[in-house]
Amino acid sequence: MEAALEAARAPGTDVPIGAVVFGPDGTPLAAARNARIELGDPTAHAEILAMRAAARVVDDGWRLEGCTLAVTLEPCTMCAGALVLARISRLVFGAWEPKTGAVGSLWDVVRDRRLNHRPEVHGGVLEPQCAAVLETYFAKCR
């Protein structure tokens, strides 16, 4: 989670959410920060960008089996669906997102028994630190 926090704190104009994909051996494969504004891309969430970059590193093309995705905020429905389709084995996230969270807060996409893949989930990891990054950002916006 520390690596995801570092990615969230990197310079940028978008909401400071950071994500890192770790390989099965724990080696970081890719890290990203939200970049919707910079890229003019509504899908440029930290999780999506990190998974895209990690997929270019692994030998299996798009499958991220055995990998762990660490992200500072509970994923939205788009990101939750993408990490299921990418076959991420473990999801670790920091702050809960009661308005748009899709890993237990508002929806629970990743544990839906109708899907063919369900990652192991660990939520609330370093939650105060992850929430503080967002609170600082939004305080400056007001």
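Look a little higher up for the structure.
Presented here is a report on the structure given in the accompanying data block. (Residues numbered from 1 in each chain as written. Predicted model: local features only at pLDDT ≥ 70, side-chain atom pairs only at ≥ 80, totals over all residues. Heavy atoms only, no water.)

Quick look at helix 3 (residues 46-57) now. In a regular helix each residue adds 1.5 Å, so twelve residues correspond to 16 Å; helix 3 covers 17 Å between its end C-alpha atoms and thus fits that length. Residues of helix 3 that are buried include every one of Ala 46, Glu 47, Ile 48, Leu 49, Ala 50, Met 51, Ala 54 and Ala 55, and no others. Along its buried surface, helix 3 packs onto strand 1 (18-22), strand 2 (28-33), helix 2 (36-39), strand 3 (68-73) and helix 4 (77-85). (Helix = DSSP H or I, 4+ residues; strand = E, 2+ residues; numbered from the N terminus. Expected span 1.5 Å × (residues − 1). Buried < 20%, exposed > 50% of the residue type's maximum accessible area, 1.4 Å probe, protein only. Contact = heavy atoms within 4.5 Å.)

Bringing the nonpolar core into the picture now. Counting 45 residues, the largest nonpolar core has Met 51, Leu 69, Leu 83 and Ile 88 as the members making the most contacts within it. Those elements giving two or more residues to this core turn out to be helix 1 (2-8), strand 1, strand 2, helix 3, strand 3, helix 4, strand 4 (90-95) and helix 5 (127-141). Residue contributions to this core peak at six residues, all from helix 3. Beyond its immediate sequence surroundings of up to four residues, Ile 88 is in contact with Met 51, Leu 64, Cys 67, Leu 69, Leu 83, His 117 and Pro 119. (Core = buried A, V, L, I, M, F, W, Y, C linked by side-chain atoms within 4.5 Å.)

This paragraph deals with the packing of aromatic side chains. Evaluation of the coordinates by the stated rule reveals two aromatic pairs. Between Phe 93 and Trp 96, the aromatic rings sit 4.8 Å apart at their centres with planes inclined by 85 degrees, giving edge-to-face as the arrangement. On the basis of relative accessibility, which here comes to 0%, the residue Phe 93 falls in the buried class. An angle of 80 degrees between the planes, with centres 5.0 Å apart, marks the rings of Tyr 137 and Phe 138 as edge-to-face. Taking relative accessible area as the criterion, Phe 138 reaches 34% and is therefore assigned partly exposed. (Phe/Tyr/Trp six-rings, centres within 6.5 Å; stacked < 30°, edge-to-face > 60°.)

To continue, consider helix 5. With 15 residues, helix 5 extends 21 Å from end C-alpha to end C-alpha; this agrees with the ideal 21 Å at 1.5 Å per step. Residues of helix 5 that are buried in the fold lie against helix 1, strand 3 and strand 4.

Take the environment of Gly 101 next. In this fold, Gly 101 is placed in the loop between strand 4 and strand 5 (120-122). Take Gly 101: its relative accessible area is 0%, and that puts it in the buried class. Separated by 36 residues in sequence, Gly 101 and Tyr 137 have C-alpha atoms that sit 19 Å apart.

At a minimum axis distance of 9 Å, the contact between helix 3 and helix 4 shows a crossing angle of 25 degrees. One element, helix 3, and the other, helix 4, form an angle in the roughly parallel class. The handedness of the crossing between helix 3 and helix 4 comes out as left-handed. Two secondary-structure elements touch here, helix 3 through Glu 47, Ile 48 and Met 51 and helix 4 through Met 78, Cys 79, Ala 82 and Leu 83. When its residues are assigned to classes, the contact of helix 3 with helix 4 shows six nonpolar, no polar and one charged. (Axes fitted to C-alpha atoms, helices over the stretch in contact; angles between N-to-C directions. Parallel < 35°, antiparallel > 145°, perpendicular 65-115°, else oblique. Left-handed = near helix turned anticlockwise from the far one by under 90°. Nonpolar A, V, L, I, M, F, W, Y, C, P; charged D, E, K, R; others polar.)

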